[in-house]
Amino acid sequence: DGKGKGKGKRKGPSGPGLPRERITAEPVTGTVSEWRGKYGWITPTVPVEHEQAAKRMGNLYVSTTDLVGGITELTPGALCQFHIFLDASGLGAEECMGS
């Protein structure tokens, strides 16, 4: 029937709306390495053992849409707790709580 065969797909998937698969059973911690207004990067305390982990020098993408607990941004150098997900663009942090 031809349903869902590539119609409307963007080149180079990115952004917080991609389908995700959570790869952590329990929350993990990390340090905010960079924050750019609506998104940033977290360096996990314990390096992630996953084939995609080296893609961004071990850093995890985080979006404002993945912050919980009423926070709207992260502070570089701050410790945070989160779950790790995998999507088409690599690894990221979700349900992220700042310290």
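Attention here is on the structure that accompanies the text. (Residues numbered from 1 in each chain as written. Predicted model: local features only at pLDDT ≥ 70, side-chain atom pairs only at ≥ 80, totals over all residues. Heavy atoms only, no water.)

## What to know about the side chain of Ser63
Going by this rule: Where helices and strands are cited, they refer to DSSP runs of H or I of at least four residues and of E of at least two residues respectively, numbered from the N terminus. In protein, a polar contact means a hydrogen-donor-capable atom and an acceptor-capable atom, both N or O and within 3.5 Å, with residues adjacent in sequence counting only if both atoms are side-chain atoms; elsewhere, any N or O pair within 3.5 Å suffices.
In this structure, Ser63 sits in strand 4 (residues 60-63). In this structure the side chain of Ser63 is engaged in a polar contact, spanning 3.0 Å, whose partner is the side chain of Thr65.

## Let's talk about unusual backbone geometry
Note on backbone geometry: most residues besides glycine have negative phi, and most peptide bonds are trans. Put simply, the test is: We call a residue buried when its accessible area falls under 20% of the maximum for its residue type, exposed when it is over 50%, and partly exposed in between, using a 1.4 Å probe and counting protein chains only.
Positive phi values are uncommon outside glycine, yet Met57 reaches one of about 55 degrees. Within the secondary structure, Met57 is located in the loop between strand 3 (39-44) and strand 4. At Glu95, a position not held by glycine, the phi torsion is positive, near 50 degrees. We classify Glu95 as partly exposed; its relative accessible area is 42%.

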